Structures are given as C-alpha cells and as structure tokens.
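Here is how the chains run, residue by residue.
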Amino acid sequence: MRKLACGVMGLCGVLAACGETTPPGNAYLGMKPELRTNYIDIATDRYVACDLSYGSIPFKQNIVVVEFSAPGLPDVESADVEVIGEKTGDKSFAMNSELRRSSRGNYIADVVFYERLVPASVVALNVQPQYQYVSLTSRPRGSFKAQVTIDTPNGPETATTGSVNVYDSCAYLNNTDSRD
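Anyway, here's the lowdown on the structure attached to this text. (Residues numbered from 1 in each chain as written. Predicted model: local features only at pLDDT ≥ 70, side-chain atom pairs only at ≥ 80, totals over all residues. Heavy atoms only, no water.)

Counting residues in hydrophobic clusters, the biggest one holds 34 residues, and the most contacted among them are Phe68, Phe144 and Ile150. Aside from chain neighbours lying at most four places away, what touches Phe68 is Leu29, Pro33, Ala79, Leu99, Asn106, Tyr107, Val148 and Ile150. Counting residues in hydrophobic clusters, the runner-up holds six residues, among them Val48, Val134, Tyr167 and Cys170. (Core = buried A, V, L, I, M, F, W, Y, C linked by side-chain atoms within 4.5 Å. Buried < 20%, exposed > 50% of the residue type's maximum accessible area, 1.4 Å probe, protein only. Contact = heavy atoms within 4.5 Å.)

A few words now on unusual backbone geometry. Negative phi characterises most residues that are not glycine, and trans characterises most peptide bonds. A positive phi is found at Asp45, a non-glycine position, where the angle reads about 60 degrees. In this structure Asp45 comes out as partly exposed when scored by relative accessible area, which is 40%.

The subject of this paragraph is the environment of Ser102. With respect to the helices, strands and loops of the structure, Ser102 is situated in the loop between β7 (100-101) and β8 (107-113). Judged by its relative accessible area of 7%, Ser102 is buried. Setting aside anything within four residues of it in sequence, one finds Ser102 in contact with Glu67, Ile108 and Asp180. A distance of 3.0 Å separates the side chain of Ser102 from the side chain of Glu67, its partner in a polar contact. (Helix = DSSP H or I, 4+ residues; strand = E, 2+ residues; numbered from the N terminus. Polar contact = N/O pair within 3.5 Å; in protein donor to acceptor, adjacent residues only side chain to side chain.)

We now examine the packing of aromatic side chains. Taken as a whole, this structure holds two aromatic pairs when the rule is applied. Both rings, one in Phe68 and one in Tyr107, keep their centres 5.6 Å apart while their planes meet at 25 degrees; by these two values the pair is stacked. Linking Phe68 in strand β4 (residues 62-68) with Tyr107 in strand β8, this pair joins segments that are 39 residues apart in sequence. By the burial criterion, Phe68 is buried, and Tyr107 matches it. For the cation-ring pair, Arg101 lies above Tyr107, with the distance from its terminal atom to the ring centre recorded as 4.0 Å. (Phe/Tyr/Trp six-rings, centres within 6.5 Å; stacked < 30°, edge-to-face > 60°. Lys NZ or Arg CZ within 6 Å of the ring centre and 35° of its normal.)

Here Glu34 is to be found in strand β1 (residues 34-37). On the basis of relative accessibility, which here comes to 35%, the residue Glu34 falls in the partly exposed class. The spacing of Glu34 and Val66 is 32 residues in sequence and 5.7 Å in space, taken between C-alpha atoms. Here Glu34 is in contact with Tyr47, Val65, Val66, Glu67 and Thr161, once residues within four sequence places are set aside. Within polar-contact distance, the side chain of Glu34 engages the side chain of Arg36 at 2.9 Å.

The next thing to look at is the pairing of strand β5 (residues 79-85). Within β5, seven of the seven residues are buried, which leaves it mostly tucked inside the rest of the structure. Alternating positions in β5 separate into two faces, Ala79, Val81, Val83 and Gly85 on one and Asp80, Glu82 and Ile84 on the other, with burial throughout. Across six bridges, β5 lies against strand β11 (residues 140-152) in antiparallel orientation. In the sheet register, Gly85 faces β11, and the bridge partner there is Phe144. (Pairing = 2+ DSSP bridges.)

These results come straight from atomic positions and should not be treated as a statement about function.
Set out below in structure tokens:
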C-alpha cells in the first residue's frame, strides 16, 4: 500500500493544530486509531512498552494493539500496520491478515515484538493479549506511534495513532482484565 502525504506543507500544520487524525478525503477510516500495548503502568494507567521485564511475566514480548473503526466499509479483511519510533524514525512494518473485533465493534490488529521495540522483529498474529500491570524501573528511552492503512474502493487510507513510551525495564505486578 502506498502512504498518503499532505500536498501542501501549511495544510499539514493546520490540520495537526486542529487535532485532525487523517489526511483530507478519508471517507472510510473513522475516529483516530487507538494504540495499546499489553503492559500498563500501574501508577498512571497508561500503556507502556518494556524492553526487559522482571518478575513472573507470562509473556516476555511486547504486543502492540491498534484498534480502529472503518464505518464506511462493510468488512475489512486486512490492514497494514507500521510502527514508527518517534525519536529515531525507525520503522517496523507488519501486514495483519487476521483482524479481530473489539467489544465495541471496531477492528483490532495485533503485532508482536520479540526484541527491542524499535527497531524490532515483527510478527503479525491473531492473538488476544493478556494485559498486565507493571511498575516502571527505568526512565523512558523514547516512544513510538503506529500508522494503520486499509484498502478502500477509493484507494488506500492511512491514519496515525497517539504515542506510547518505551522503557528499558519494567517489573511485573499482576494481570488485569481485557481492554478489548
């Protein structure tokens, strides 16, 4: 899929200032996609990514969850997810052919990272992550965001999520209920 870009530099700045999440003309992607991970900071209830995990964490990898709506399409079969390091600009790409549905009726793409988050070894899987509370044992080393692109009758459409901080290490506390 090709990426959409703003044709007029000033227009991008105006849209960003207004809180727009998608380029003009997107008819099929709905609200701004939500970016989650399987790790939640117990102190702030925010999603985080952890390079190293201490304690008895059942899953040793970061699972990136991108939830998006596509109200203009009857059924979305796949989505491209690109994870972008905000500090480095490094990108990891995954084609997710097995989207699942959230309890809200939105689409969910899950991407599993087995190594450091950015750059990372990426595998797209149909998994439902076990959300886990952690305490942070380091300072953030950066952050990442995700772009989701879907095919539509008018061509590809892309939307960008907010960002999630990446920490060198976290300590597992306990599991929590699904947020999907």
